Every structure is written in structure tokens, then in C-alpha cells.
Amino acid sequence: MTQHRSFTTIFVGVIVGILLVLSSAWSGAMAAAMQDVVVPGSDTAGETPVEVVPLTPARPLADLDLWASRINGWTEAHREAISVRLFDASSHGLPDLDPFARAILDPARPESERNHLAGLAYLRFAGWLEYGLIDAETHAPRRLFDSEAALLVRRLGWAFEAGDAAQALDDSVPQVRDYDALRLEMMRVLAVTPIWAGIESGPSLSLGDSGPRVDQLRTRLTSEGLLDTVWRDGDPFDLRLETAVRRYQGRANLAPSGRLDQATLRQLNLPPNRRIGQLMANLEQRRWRTRELGRRHIWVNLADFRLEAWENGELVREHEVMVGRQASSTPEFSEDMQYIVLNPWWGLPAGSARPRFQSFRRNPGLVRQHGFRIYNRAGEPVSVYEIDWSRWGNDWPYRMSQPPGPTNPMGEVKFIFPNRHNVYIHDTTERDQFVRTRRDFSAGCIRVRDPLALASWVLAGQAGWDRDRIDAVTAGSSPTVVWLDERIPVHIAYWTVVGDAEGRVRYLNDLYRRDGSVIDAYLAAYESGSGLALPVSRGSAGAVAASFD
């Protein structure tokens, strides 16, 4: 009997525990859904909530030899089609697979051996194109999982049925902006490896300066195709050189001062092998991106200070943006936009509130002047005269919010795509800053130019929300939440090589210094996984020694 009661007690306790967990999860979901809807000051940014990572079973890694042996239907035409594509691996910035292509085409090898090699090479090349050479999160060499290998094998089977084995590899090539332009640039630099002289370290150079470093600058800009005038060693820094420097700075998203400052010197002195590594890494970063970007989606490249709106595969809008400064750099991620807020409140994150509170401590009248509202930890309004300043910096219990208005930094509209970074797209009161080339001014969120035009595109086709209605609402001061009938994916990337209108590429300033770790990891994986390092040899029994792992 005692044992029965103990079991009942335990059982009831477990049920209660489950109900409490479900209740907590429901409350959390409701709180997230209510964000920015009814709570003043809920438009916070910069406060990262605790992320709960669910436990997931380990995914089994693929045995490529085993999967290659499961591929049936090889013909001479199929092997040749795959081999031709293998010769293109280097144009994608991927390890050389030429030795495998030649082995597959070698008629002296047994057919079974050639089939197996073709299967192995296909799986590795398609896997690189589809999922990348290194892992997007850890930057460790990327290996295929069983589920991924199965998908690639099925895709090859469909290509066999269609009579075009090469289509299986073509389907794995990323259909992402600028990928083809970067690939053409890769072929160009591989054909003519860039060689340029560096510029010696030293102070900034500007109009009127002369000497060996000015000569080196002219030589370097000539190699970039930005200076083609006749000049002689010893010529001073003139207007033509200044114009060429401005053009280079503009293409790299550096402040176009026309002076050889230290940031421009660093960019110009990037060695050729590092520039190729940057190009390889940028191709890889595009391979990490999902193939299904969304019928209507927004694309933001932080390094280019640019937002693009895409619809049915066409670029329909472009907007300049401001991004986070280095100390509060904007992260890279993808999430779905769920709603927009017209006339939003601004809930100050702790980092932004601190200097505000300091100014309020000196002049409490600023609170009323700018319409700020202060709340304690219980959400109750507090007068600025009631603040316990002795608790400053020690478990500070106050929060501050500002209602809609002309001084609200959120401006007239905020675009919400819930994410763990609390990063959003919004208007700004500092619109005059868009004239600057380098625009890293925010606390982490993305400030967009002409936000009401973007809002009009976001709400296009949504009943009752044409541009006239948007303008009418924002002319007032009432916060208004508009939920989207169709969610819009928002993709935030950091790419330092991009295509231009002329089909060339621009190498951008590495604003956040993120490229280094990606390039280093990629080049390490490239060397260890290179086709040149993959042995393809005939053993005494005619077997092939080959390994992709």
C-alpha cells in the first residue's frame, strides 16, 4: 500500500510538472506574440534573451563509399557529363577535382572502377556546392550526413532518367545573388593571378605629397584599372590621383576622402593570395544560404550598407541602410517578418539608456521635454524625481520608453521579424547621415532610408493598406500594428565581395573584421580537402585508393 501511494505521488508530481512546463511555454509564447502590441516600451533592441537549445539526436555521417556503391545506371555518357563538370570545381573556389575527372575518363580502367569513382566525385562535388566546404557555424570541414547523401543520390537518379547527368550538379549550384559574377571573377584571377606591389607603411598621403610611396600608390591603382594616365616617378600627388583614390574608396565602401588614409592603405595592401581567399570565402558564404529565399524576400548586406526587396526572382527595390557600429555589430541571420509597427514606441535597451539617465540626472526636465516614461521592475510608472540614483550601476531597476513622436529614434515605422538578437529594421531621425558612404552608426538594428516606401512594398496587396492609408496613419501619433497576410523572409548577410552593374565585382572594406577567421578556416579545409591531395592510384589488384573524408 505504501508503495502504491509513493507511485501515485510520483505520478501526480510528474503530471503537475508537465502542466507547469506547458503553462510556462504558453505564457512565453503569448508574451512574444504581444511584443510591441500593447506594452509601452516593448520596442527594445540589444537585449538578448536566454536561448533554449532543444536536444536533438545526432545525425549519422555518410559513408561516401557505401553511398557511391548504391548509384546504379552509369553509362559512358553519364560519366563523361559528370567529368566535364568536375573540371569546373576550381571556378567555384573549390578544391581541384581534375585528377578524378581524368581517372573517370580513362578507358584503361575497369568500368566498375570508373563508375565508383564517378559516384564518389559526384557526391563530394555536389555536397560542396549544396552545403559548403566548411560548416557555417563551426568553420570546421563540412562532412555529408546520410540524409544529405540520400538526397544527392536521388537527384542523380532523376538526372539519369532525364538523360542529363550533369543536371544533378547544376541543380546544386547556388542560385544566390552575385554567385555567377564571383565565379567569373574567380576564373579571371586563376587565369591571370594578380600581382601588385605593396605600399610602404607611413603617414597618410594627400594632394601635394611626393616620394616613393606616392609612386607605389599610383602603381597599385593602375593595377586596379582606376588610373591609366601617363606619369613619371617623383610626380606629386595630383587631382587625377586623388580622383582615382576616391573611386577606389567608393567601390570599397570607405569614406571617399581622396586621401590615402590608414583604412585605405590596409585595403590596398591586402596581398593577392588573401584577396583570392576573400573571393573563395565569399563564394562559400553564398553556398551556406538557403536555396528557398522566398517568393517575396528582403536581403540586407551589412558590408555594403544595402537592403534589397526581391519578388518572383526580380530585384524590385533598393534602399540604403545604416548598420551597427563595431562595438554593437549587426549579426547575420534569417527570419520571417511577421508584422510592422507604424508610429512605434521606443523601449531603450540598457546600453542606450545609461547615457540618457545620466543626462536626466543632470537635467530632469528633459524627461518631460522629450516625452520619456520611466518604469520600475514591476512595470509601474516612476517619476524621474523618485529615482534612487544610489543604485546606479548596481542592479539598476528602471526601464525607459519614449512614445511616438518627432524625436523618437524608431521614426515612423519598424519592421518586426522576431529573432534572438532583438535586431529589427526601422526608420531613423538621423536621416541626414545617409549621405555618408560608411554608415555604421546604430546600436545593432538596421536603419533604412525611405522606410514608408518599403512599408508600402511589404503591405502590397494587403487589403486596406495602400500608401495613402500608411501616410494617413503615420501622420498621427497612435501606435498601429499591422500583421502581414504573407510572411516575408528577411536575410541578413555580411559579404565583402559583391557584383556591380557592369558585371564586375567590388571588394568591400571588411567593416567588422569577420573575414579573417572564415578565410583562414576555408583555406585550411581547401588545402586538406584539395583534389590534389586526394590520391587516385591503381593498386596491384587494380583497386583504386581514394578518400574524400
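Before reading on, note that the structure itself is shown above.
Reference entry: report on the structure contained in this document. (Residues numbered from 1 in each chain as written. Predicted model: local features only at pLDDT ≥ 70, side-chain atom pairs only at ≥ 80, totals over all residues. Heavy atoms only, no water.)

### Section: the sheet that holds strand E6 (residues 373-375)
- Here four strands make up an open sheet; going across it, the order is E5-E8-E6-E7 and the pairing antiparallel. The sheet is open, and its two edges are formed by strand E5 (346-347) and strand E7 (381-382), each paired on a single side.
- As paired strands, E6 and strand E8 (residues 399-402) are joined by three bridges and run antiparallel to one another. Counterpart to Tyr 375 in the pairing with E8 is Arg 399. (Pairing = 2+ DSSP bridges. Helix = DSSP H or I, 4+ residues; strand = E, 2+ residues; numbered from the N terminus.)

### Digging into the pattern of salt bridges
- Within the structure shown, the criterion is met by 32 salt bridges.
- Salt-bridge contacts for Asp 88 lead to Arg 183; the nearest nitrogen and oxygen are separated by 3.7 Å. Note that Asp 88 is positioned in the loop between helix H3 (76-86) and helix H4 (98-105) and Arg 183 in helix H8 (residues 179-191), a separation of 95 residues in sequence.
- Of the residues examined, Asp 88 reaches a relative accessible area of 27% and is grouped as partly exposed.
- Residue Arg 218 is joined to Asp 238 by a salt bridge in which the shortest nitrogen-to-oxygen separation is 3.3 Å. Within this pair, whereas Arg 218 is found in helix H9 (residues 212-223), its partner Asp 238 is found in the loop between H9 and helix H10 (239-251), the two being separated by 20 residues in sequence.
- Exposure remark for Arg 218: the relative accessible area of 2% places this residue in the buried category. (Salt bridge = Lys/Arg side-chain N within 4 Å of Asp/Glu carboxyl O. Buried < 20%, exposed > 50% of the residue type's maximum accessible area, 1.4 Å probe, protein only.)

### A few points about the pairing of strand E1 (residues 296-301)
- Across the six residues that make up E1, a large majority, six, are buried.
- Taking every second residue as pointing to the same face, both faces of E1 are buried, with Arg 296, Ile 298 and Val 300 on one and His 297, Trp 299 and Asn 301 on the other.
- The pairing of E1 with strand E2 (residues 306-311) spans six bridges and is classified as antiparallel. Looking across to E2, one finds that His 297 is bridged to Trp 310.
- In textbook terms, the turn of a hairpin is the stretch between consecutive antiparallel strands, and for E1 and E2 this stretch comprises four residues, one of which, Phe 305, has a positive phi near 50°.
- Across four bridges, E1 lies against strand E13 (residues 480-493) in parallel orientation. Within E13, the residue paired with Ile 298 across the bridge is Val 490.

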